[in-house]
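Coordinate analysis (summary)
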Amino acid sequence: MSPGTVSPLADVKGLTFDVFGTVVDWRGSITEELALRAHRKLASPDASLDAATRERVRALGSDGEGDGDGWGRFAEAWHASYGAFTRAFDPDRDEWKTIDQHTRDSLAALLQSWGLQGLYSEAEMDSLSLVWHRLRPWADSSDGLAQLNASGRVATATLSNGNVSLLRDLDDFGNLGFQRLLSGETFRAYKPNPATYLGAARELGLEPRQVAMVAAHLEDLEAARACGLRTVYVERPREEAWSPDDERRQRAPEWVDLWISEGEDGFVTLAQKLRELAP
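Bear in mind that the values here come from a model prediction, so they are computed numbers and not experimental data.

Reading the values: rules and limits
- Residues numbered from 1 in each chain as written.
- Predicted model: local features only at pLDDT ≥ 70, side-chain atom pairs only at ≥ 80, totals over all residues.
- Heavy atoms only, no water.
- Helix = DSSP H or I, 4+ residues; strand = E, 2+ residues; numbered from the N terminus.
- Buried < 20%, exposed > 50% of the residue type's maximum accessible area, 1.4 Å probe, protein only.
- Salt bridge = Lys/Arg side-chain N within 4 Å of Asp/Glu carboxyl O.
- Core = buried A, V, L, I, M, F, W, Y, C linked by side-chain atoms within 4.5 Å.

**Some details on the environment of L130**
Structurally, L130 is set in the loop between α5 (122–129) and α6 (141–151). L130 gets classed as partly exposed once you look at its relative accessible area, which sits at 38%. Distance from L130 to L166, taken between C-alpha atoms, is 8.6 Å for residues 36 residues apart in sequence.

**Re the pattern of salt bridges**
Close approach of charged atoms lets side chains of opposite charge pair. Within the structure shown, the criterion is met by 19 salt bridges. Among the ionic pairs, E76 bridges to R27, the shortest N-O distance being 2.6 Å. Of this pair, E76 sits in helix α3 (residues 70–88) while R27 sits in helix α1 (residues 26–43); the two residues are 49 residues apart in sequence, bridging distant segments of the chain. Since its relative accessible area comes to 11%, R27 is described here as buried. Overlapping salt bridges, with partners in common, bring together R27, E76, R238 and E239 in one network.

**Considerations on the nonpolar core**
Among the nonpolar cores identified, the biggest contains 54 residues, and L15, F17 and L270 are the most heavily contacted of them. In terms of residue count, α3 provides more of this core than any other element does, 6 residues in total. Y197, A224, C227 and W242 belong to the second-largest nonpolar core, a separate cluster that totals 23 residues.

**Some words on unusual backbone geometry**
P192 follows K191 through a cis peptide bond whose omega is 10 degrees. Here P192 shows up in the loop between α8 (184–187) and α9 (194–203). Located in the positive-phi region is R188, a residue other than glycine, with phi close to 55 degrees. You can see R188 is positioned in the loop between α8 and α9. Overall, R188 belongs to the partly exposed group, its relative accessible area being 44%. The phi angle at R238 is positive, at roughly 65 degrees, despite the residue not being glycine. With respect to the helices and strands, R238 occurs in the loop between β5 (230–234) and α11 (247–251). On the basis of relative accessible area, R238 is assigned to the exposed category, the value being 59%.

Right under this line is the structure:
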């Protein structure tokens, strides 16, 4: 900004945060859990796995292709199914289904399609699907949120497609300290449906222009901006879906209100930037 220019974030009184990928590292957490459970299953003397399933599980561990990231690809596919589900959901057409319900159903479908349908019992799949409740936060998430809360300048809230009980567990597990837990479940719609962004502003008792969406995904911010919200982009490793040569990605710095690059200490830097705006 040029000297004397008023920041578009100057009037912001509420911050809504995307969670998966922005606040927590879903990729690393889920990959580790998948690999650990598979290892334990192979090592268990009680595991009644047929030879073909054992071989497929071993191949995912070493991957046979040299990169050792077979379970990482499974985690990616699991996460991709979540994104496809929320984007396709139409609240005027579809019966409500929570993310917990979806992740359990999609886990069973993925195991089937990957030839691993005999790997886990129904109870084990119930347990494994709850890994989404235990995702590690990024290193700056807890400290940055604590600083934002301590400032008294803004209210902090989740705005995630995850259901409320899932968000409550993530908040507790990661010592995040969100002041409000707002979810697609709250509005019976999933981002990028405008009902989520406008509903969040309404729940916070604010005008859309007084709320900034914080996300590591430009598509999320683009939808929030279309509803009148301000935007804060926090780069996270491997989270952005728009490629560097995508024209949308190249033009994004023109409309994102605050851009925090990877390596700039994420939410801690966000708290600092907002302190600098304090009168």
